[in-house]
Amino acid sequence: MAAPTAPARTRRQLPTTPWLFAAPGLLVTGAFVLYPFVSTVVNSFTDRRTLLPGRFVGLANYRELLHDDMFWTGLRNSTLYIAGVVPALVVLPLLLALLVHRNIPGITFFRSVFYTPVVASIVVVGLIWVWLLDERGLVNSLLQAVGVGRVGFLSDQWLLLLSAMAVTVWKGLGYYMVIYLAALANVPRELHEAAAVDGAGPVRRFLTVTVPAVRSTMVLVAALSSVAAFKVFSEVYLMAGPSGGPAGEDTTLVMLVQRTGTGLTGRVGYASALSVVVFAVTVALMLLVLRADRGEES
């Protein structure tokens, strides 16, 4: 029997070749995504602590959540964060993208300036805003100079949460602006010209031409910003401190996970249950946004 030709041997080896290329990515995903996820779900049904393996306790951690005041405080703050941040991050970056969309001399410089907060370290950004909003910071010094008096941006429960929202919006404007710029580049210029011929002004062209053309992008931005807002940690942690502001009233769910599950006596099992709840809510947010988008299309 004749030996197989070189092309035949090559064809028999081809099915394994894609797996060889995908193997590094699959290993990294399995080690740093799938395994931690499965481990977190398993730990949520145990009373495991940092230095103790723990034992199976069923739904005890989830039942405890329902009677934990800090859990409801964190859920309230994370929900308020979505309500305060998402509308701003859907609308303001679109308006900013419209401003820098035109190809005029020097516009690249402004695009770079608006994008700079995105690449800046969140720790540096948080510290800068803390220095600005501190009782002896620049903002309060200016307010006192004009006779308004000092404002407790970092000491009042609600002002602290609003200040953290402002930092999140300021840092995310450039990122979502770039997404909108890509969408605006695909809007046919003829649509704007036809609307202008029909007598539509800038505002009407924005509402009847630009918004419908980038609606799918707005849904994407709403989904991304909703998940990011619900999982907020760094901004509130840096501005409110590890305690979560006055009496812990500004604690978010992710801050509660970090506070509960770390340290030598950390309650890993309970923190895992909190993490599972955060995951479930973020998935629900994504599905809710997608369903709303499909409802509008239908």
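Starting from 1, residues in each chain are numbered consecutively following that chain's sequence as written. Restriction of local features to residues with pLDDT of at least 70 applies here, the model being predicted, together with a cutoff of 80 or more for giving and counting side-chain atom pairs; totals for whole chains, interfaces and linings are based on all residues. Here the side-chain values reflect all heavy atoms present in the structure, with hydrogen atoms and water set aside.

### Some thoughts on the overall build of the protein
Rules: Secondary structure elements follow DSSP: runs of H or I no shorter than four residues count as helices, runs of E no shorter than two count as strands, and numbering proceeds from the N terminus. Here's how the labels work: a residue is buried when its accessible area is under 20% of the maximum for its type, exposed when over 50%, partly exposed in between, all with a 1.4 Å probe on protein chains only. By definition in these notes, contact holds between two residues if any of their heavy atoms fall within 4.5 Å.
Counting its regular elements, the protein contains 14 helices and zero strands. When the helices and strands of the protein are listed from N to C terminus, the series reads α-α-α-α-α-α-α-α-α-α-α-α-α-α. The principal-axis extent of the C-alpha atoms belonging to the protein is close to 90 × 60 × 40 Å. Split into buried and exposed, the 298 residues of the protein put 35% on the buried side. Here the analysis covers contacts within the protein between residues at least 6 apart in sequence; of these, 67% occur between residues at least 24 apart.

### Remarks on a nonpolar patch on the surface
Keep this limit in mind: Exposure above 30% relative accessible area and the absence of a salt bridge qualify a residue for a patch, where like charges join within 9 Å and nonpolar side chains (Val, Leu, Ile, Met, Phe, Trp, Tyr) within 5 Å. Residue burial considers only the protein chains on display, and all accessible areas are found by Shrake-Rupley using a 1.4 Å probe. Salt bridges are identified by distance alone: a Lys or Arg side-chain nitrogen within 4 Å of an Asp or Glu carboxyl oxygen.
Among the surface-exposed residues, Phe37, Val38, Val42, Phe279, Val283, Leu287 and Leu290 lie close enough to one another that they form a single nonpolar patch of about 620 Å² accessible area. Counting only elements with at least two residues in the nonpolar patch, the list comes to α2 (17–43) and α14 (268–297). Considering each element in turn, the nonpolar patch owes the most residues, four residues, to α14. Mapping Val38 onto the fold places it in helix α2.

### Section: the environment of Leu159
Mapped onto the fold, Leu159 is located in helix α8 (residues 157–184). When its relative accessible area of 28% is taken as the criterion, Leu159 is described as partly exposed. As a C-alpha pair, Leu159 and Gly54 span 105 residues in sequence and 40 Å in three-dimensional space. Those residues in contact with Leu159 that lie beyond four places of it in its chain are Val151, Gly152 and Phe153.

### A few points about the side chain of Thr260
Residue placement: Thr260 occurs in helix α13 (residues 253–261). Overall, Thr260 belongs to the buried group, its relative accessible area being 16%. For Thr260, the residues in contact, after removing those within four places along its chain, are Gly266, Arg267, Tyr270, Ala271 and Leu274.

### Digging into the packing of helix α4 (residues 69–100) against α13
The condition is simple: Here an axis means a line fitted to C-alpha atoms, over the contact stretch when the element is a helix, while the angle between two N-to-C directions is reported on a 0 to 180 degree scale. Three categories are distinguished: nonpolar for Ala, Val, Leu, Ile, Met, Phe, Trp, Tyr, Cys and Pro, charged for Asp, Glu, Lys and Arg, and polar for the others, with Gly belonging to the last.
At a closest axis distance of 7 Å, the pairing of α4 and α13 adopts a crossing angle of 145°. In this structure, α4 uses Met70, Phe71, Gly74, Leu75 and Ser78 to contact α13, whose residues at the interface are Leu253, Leu256 and Arg259. Across the contact of α4 with α13, the residue classes tally to five nonpolar, two polar and one charged.

### What to know about the environment of Leu95
Along the polypeptide, Leu95 turns up in helix α4. Looking at Leu95, the relative accessible area reads 37%, which means it is partly exposed. Between the C-alpha atom of Leu95 and that of Ala240, which follows or precedes it by 145 residues, the distance is 31 Å.

### Observations regarding the pattern of salt bridges
What the rule picks out here adds up to three salt bridges. Between Glu249 and Arg76 there is a salt bridge, with its nearest N and O atoms 3.3 Å apart. Taken as a pair, Glu249 in the loop between α12 (234–240) and α13 and Arg76 in helix α4 lie far apart in primary sequence, 173 residues in all.

### Some words on α13
Owing to its 3.6 residues per turn, the α-helix brings residues three or four apart onto one side. Among the residues making up α13, those that are buried are Leu253, Met255, Leu256, Val257 and Thr260. Looking one or two places after α13, you find Gly263, whose phi comes out positive at around 95°.

### Brief notes about the side chain of Ser272
Keep this limit in mind: For this analysis, a polar contact is any N or O atom pair within 3.5 Å, provided that within protein one partner can donate a hydrogen and the other can accept it, and provided that sequence-adjacent residues contribute only side-chain to side-chain pairs.
Considering the arrangement of structural elements, one finds Ser272 in helix α14. Engagement of the side chain of Ser272 in a polar contact is seen with the backbone oxygen of Val268, the distance being 2.7 Å. Setting aside its immediate chain neighbours within four residues, Ser272 contacts Thr40, Asn43 and Ser44.

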